[in-house]
Amino acid sequence: MAMEGPNYDDPIEQDKQHALNQIRTIGPEKPVGYLPVETITGYCGQNFDVFVAECRQRGHETRIFTGGGWPGFSGSLYVYDKVSLQNLLNRNQSILEQSGWPLNPDEFVANLHVWVQEGTPIFKLIAQAFGDKFSESL
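Heads up: these notes are all about the structure in this document. Just so it is clear, the structure is predicted and the values come from calculations on it, not from any experiment.

Quick word on the packing of helix α4 (residues 82-91) against helix α7 (residues 121-129)
For any two helices packed against each other, the geometry comes down to the angle between their axes and how far apart the axes lie.
For step 1, the next point in the chain: Orientation of α4 relative to α7, taken along the N-to-C sense of each, is 155°, at an axis distance of 11 Å. Comparing their axes, α7 and α4 come out roughly antiparallel. Between α4 and α7 the crossing geometry is right-handed. Residue-level contacts link L85, L88, L89 and R91 of α4 to L125, Q128 and A129 of α7.
For step 2, the next point in the chain: In terms of residue class, the contact of α4 with α7 is made up of five nonpolar, one polar and one charged.

Let's talk about the sheet that holds strand β1 (residues 32-36)
For step 1, the next point in the chain: Strand order in the open sheet made by the three strands is β1-β3-β2, with antiparallel pairing throughout. Only two strands of the sheet have a single neighbouring strand rather than two, namely β1 and β2 (61-66). Neighbouring strand axes in the sheet, compared pairwise and without regard to direction, differ in orientation by 20° on average.
For step 2, the next point in the chain: Pairing geometry for β2 and strand β3 (residues 75-80), over six bridges, is antiparallel.

Some points on the packing of helix α1 (residues 11-24) against helix α3 (residues 48-57)
For step 1, the next point in the chain: Their axes nearest at 11 Å, the elements α1 and α3 cross at an angle of 45°. Compared by their axis directions, α1 and α3 come out oblique. Contacts between α1 and α3 involve L20, I23 and R24 from the former and F51, E54 and C55 from the latter.
For step 2, the next point in the chain: In terms of residue class, the contact of α1 with α3 is made up of four nonpolar, no polar and two charged.

Focus: the packing of aromatic side chains
For step 1, the next point in the chain: Evaluation of the coordinates by the stated rule reveals five aromatic pairs.
For step 2, the next point in the chain: Where Y34 meets F130, the ring centres are 6.1 Å apart and the plane angle is 85°; that geometry is what we call edge-to-face. With a gap of 96 residues between them, Y34 in strand β1 and F130 in the segment after α7 connect regions that are remote in the sequence.
For step 3, the next point in the chain: The class of F130 is partly exposed, set by a relative accessible area of 23%.
For step 4, the next point in the chain: By way of ring pairs, the aromatic residues Y34, F65, Y78 and F130 are connected into one cluster.
For step 5, the next point in the chain: Cation over ring: K16 sits above Y43, and NZ or CZ is 5.9 Å from the ring centre.

Criteria and thresholds
Residues numbered from 1 in each chain as written. Predicted model: local features only at pLDDT ≥ 70, side-chain atom pairs only at ≥ 80, totals over all residues. Heavy atoms only, no water. Axes fitted to C-alpha atoms, helices over the stretch in contact; angles between N-to-C directions. Helix = DSSP H or I, 4+ residues; strand = E, 2+ residues; numbered from the N terminus. Parallel < 35°, antiparallel > 145°, perpendicular 65-115°, else oblique. Left-handed = near helix turned anticlockwise from the far one by under 90°. Contact = heavy atoms within 4.5 Å. Nonpolar A, V, L, I, M, F, W, Y, C, P; charged D, E, K, R; others polar. Pairing = 2+ DSSP bridges. Phe/Tyr/Trp six-rings, centres within 6.5 Å; stacked < 30°, edge-to-face > 60°. Buried < 20%, exposed > 50% of the residue type's maximum accessible area, 1.4 Å probe, protein only. Lys NZ or Arg CZ within 6 Å of the ring centre and 35° of its normal.

Functional significance is not addressed by these values, which are geometric in nature.
The following block contains the structure:
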């Protein structure tokens, strides 16, 4: 008996694909994406190591943040297009300098777990890195 693929007409399957697209759509317009590990492995039913390998095969960098102090939270996977992120950071160097954030994309992603005040220039830059088009007017 042949295995059936996902039923993309199913609203739950559509929601799962939408969640995975937070990572799969990384590129110039959205240099950074992330998903909680539980979303990838539990809700979406993906093998975590295979999913990370697929991201890396597409040329993306990955970073895994573990813990967080919340019960049941095992971490998040951050995926980023290093070249596209570097271009965004270069265009916004003054905001990074004023906010004390690094210009290096690896270090920038490493800082994403830090809370920042909503509405500030660095908040808007972070939102833009995640593809938020409403934050383009920095």
